[in-house]
Amino acid sequence: MKTETIAIHAGNKKDESSKAVIQPIVLSTTFERGIDGDFPGGHIYSRASNPNRAALENVLTKLENGADAAAFSSGNAAGMSVFQSLAPGTHVIAPDDMYHGLRNQLKILFAGILTFDFIDVNDLDVLQQHIKPTTGLIWIETPSNPLLKVTDIKKVVAIAKAHGIKVACDNTFATPICQQPLALGADLVMHSATKYFGGHSDLMGGALITAEKSEWWQKIRQVQEMGGAIPSPTDCYMLVRSIKTLPYRVKGHVQNTQLLAEFLEQHPRVEAVMYPGLPSHPQHSIAKEQMLAFGGMLSFIVKGTEEDTHNIINKLQLFTRATSLGGVESLIEHRATVEGPDTKTPRNLLRVSVGLEHIDDLVDDLEQALS
Ligand SMILES: *Cc1c(COP(=O)(O)O)cnc(C)c1O
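Let me begin by describing the structure that accompanies this report. (Residues numbered from 1 in each chain as written. Predicted model: local features only at pLDDT ≥ 70, side-chain atom pairs only at ≥ 80, totals over all residues. Heavy atoms only, no water.)

### Examining empty space enclosed by the protein
Inference 1: Per the counting criterion, the structure on display carries 2 cavities of 30 Å³ or more.
Inference 2: Volume-wise, the largest cavity comes out at about 70 Å³.
Inference 3: Lining the largest cavity we find Gly11, Asn12, Ile22, Gln23, Asn52, Ala55, Tyr237, Val240, Arg241 and Lys244.
Inference 4: Mapped onto the lining of the largest cavity, the elements with two or more residues apiece are α2 (51-63) and α9 (233-243).
Inference 5: Looking at which element gives the most residues to the lining of the largest cavity, the answer is α9, with 3 residues.
Inference 6: Looking at the lining of the largest cavity residue by residue, the classes come out as 4 nonpolar, 4 polar and 2 charged.
Inference 7: For the second largest cavity, the full set of lining residues is Pro95, Asp96, Asp97, Ile119, Asp120, Val121, Asn122, Glu141, Ser144, Lys149 and Thr151.
Inference 8: Looking at the lining of the second largest cavity residue by residue, the classes come out as 3 nonpolar, 3 polar and 5 charged. (1 Å grid on protein atoms, 1.4 Å probe; cavity = no way out; pocket = protein on both sides within 12 Å on 5 of 7 lines; lining within 4 Å. Points joined across faces, edges and corners; volume = space filled by probe spheres on them. Helix = DSSP H or I, 4+ residues; strand = E, 2+ residues; numbered from the N terminus. Nonpolar A, V, L, I, M, F, W, Y, C, P; charged D, E, K, R; others polar.)

### Topic: the pairing of strand β12 (residues 349-353)
Inference 1: The buried fraction of β12 is high, at 5 of 5 residues.
Inference 2: Across the two faces of β12 the burial is the same, with Leu349, Arg351 and Ser353 and Leu350 and Val352 all buried.
Inference 3: With 5 bridges joining them, strand β9 (residues 297-302) and β12 adopt antiparallel strand pairing. Bridge pairing in β12 places Leu298 opposite Val352.
Inference 4: Sheet topology places strand β11 (residues 331-334) next to β12; 4 bridges connect them, and they run antiparallel. Directly across from Ile332, in β12, lies its bridge partner Val352. (Buried < 20%, exposed > 50% of the residue type's maximum accessible area, 1.4 Å probe, protein only. Pairing = 2+ DSSP bridges.)

### Notes on the environment of Arg103
Inference 1: Here Arg103 shows up in helix α4 (residues 100-109).
Inference 2: Overall, the relative accessible area of 10% leaves Arg103 in the buried class.
Inference 3: The spacing of Arg103 and Pro51 is 52 residues in sequence and 33 Å in space, taken between C-alpha atoms.

### A closer look at the site of the ligand
Inference 1: Taken together, 15 residues surround the ligand, and among them Asn76, Asp170, Ser192, Thr194 and Lys195 come closest.
Inference 2: Note that an oxygen atom of the ligand is positioned 2.8 Å from one of the backbone N or O atoms of Asn76.
Inference 3: Asp170 is positioned with one of its side-chain polar atoms (N or O) 2.7 Å from a nitrogen atom of the ligand.
Inference 4: Starting from 370 Å² of accessible surface for the ligand in isolation, the protein chains cover 93%.
Inference 5: Of all the secondary structure elements, the ones that give two or more residues to the shell around the ligand are α3 (75-84) and β6 (188-192). (Near = heavy atom within 4 Å. Polar contact = N/O pair within 3.5 Å; in protein donor to acceptor, adjacent residues only side chain to side chain. Areas by Shrake-Rupley, 256 points an atom, 1.4 Å probe, with all protein chains shown as cover.)

### Observations regarding the packing of aromatic side chains
Inference 1: Tallied over the entire structure, the rule returns 3 aromatic pairs.
Inference 2: Their ring planes at 50° and their centres at 5.3 Å tell us that Phe83 and Trp139 sit as a pair that is tilted. Pair noted here: Phe83 is in helix α3 and Trp139 is in strand β4 (residues 135-141), with a separation of 56 residues, a long-range link.
Inference 3: Phe83 gets classed as buried once you look at its relative accessible area, which sits at 1%. (Phe/Tyr/Trp six-rings, centres within 6.5 Å; stacked < 30°, edge-to-face > 60°.)

### Comments concerning the packing of helix α10 (residues 246-265) against helix α14 (residues 359-370)
Inference 1: Look at α10 against α14: their axes get within 10 Å of each other, and the N-to-C directions meet at 30°. Here α10 lies roughly parallel to α14, going by the angle between them. Considering how the two elements wind past one another, α10 and α14 form a crossing that is right-handed. Here Asn256, Leu259, Leu260, Phe263 and Leu264 of α10 lie close against α14, whose contacting residues are Ile359, Leu362, Val363, Leu366, Glu367 and Leu370.
Inference 2: Here the contact of α10 with α14 is built from residues that sort into 9 nonpolar, 1 polar and 1 charged. (Axes fitted to C-alpha atoms, helices over the stretch in contact; angles between N-to-C directions. Parallel < 35°, antiparallel > 145°, perpendicular 65-115°, else oblique. Left-handed = near helix turned anticlockwise from the far one by under 90°. Contact = heavy atoms within 4.5 Å.)

If you want it as structure tokens, here you go:
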């Protein structure tokens, strides 16, 4: 089946007892045993599994073309479960512009447990040089945050496979509608479901999708069940509901972002625009090859100082000054402020999560703020 169909049907289980067309929310934390002691409903206790989570995990698996999926209470909980599944002493290679929340997790929470190098994973020679006998995981994030750098997934996978190293890809910015890392050879995909899956900036969630039900995956499942960083049945229901429109929402985001990127690129007050869909993007050809569409995120650099940059966002009417992304409403943020003192992000860079408002209104608002 095609993505649009999967998104609507793979997360829904009609209720046999009530004949409800839409799967109800099951709040019960515990499930009755049969007379012979087994569990006829397939669930025992909600930390381990729940009907709404099972439905969500099913649609996530199908959308990424994986073998299984595990849902979490946030993207960071999903990422943390990956790191917790690694044997102590494992060396992790991660991008130098890794999502700051996960970079801090490694640096602060896993210091002394895992070893890690933050490098430019797009420089394949540098990547090769950092591989050690203890390297167990290469973490990639493409397009990256906030510079929208593109990593050649197939090339990283080829290097990793030659050394028996696993590859996990944070696919939050792309969504499975724009990019399917498992099809390109990655072992694991991670999402912050808080972003495009939720799509309305009103819930937190995370997901991991695996290419194979490997031993490593069993360990990740153990972390999910024993750690308990699981989404509530209501959040699972909300995510399943939002995912039904994901393919159409993402098409709208992509269309608006391309047009906005083209508008900004020709604007005299803009120094540079980072969007993989622009021919001027340094890895545009890689993006064209590995992505189905270029996503709904862009960053741009203002010609001027940090103060000029703040003045521009303060003049905007329609774009909300807020962090996060993937909602139907457009958001803009001064990324360096959010990332803290150790950021390498330029002080005059703005990151935009392009929403689903009419493109003319978005362009008009930016035009008046830049003028
Ligand atoms: C938001 C985000 C995360 C973390 O997800 P939360 O749901 O906020 O915990 C991880 N990676 C990327 C790329 C993100 O944008």
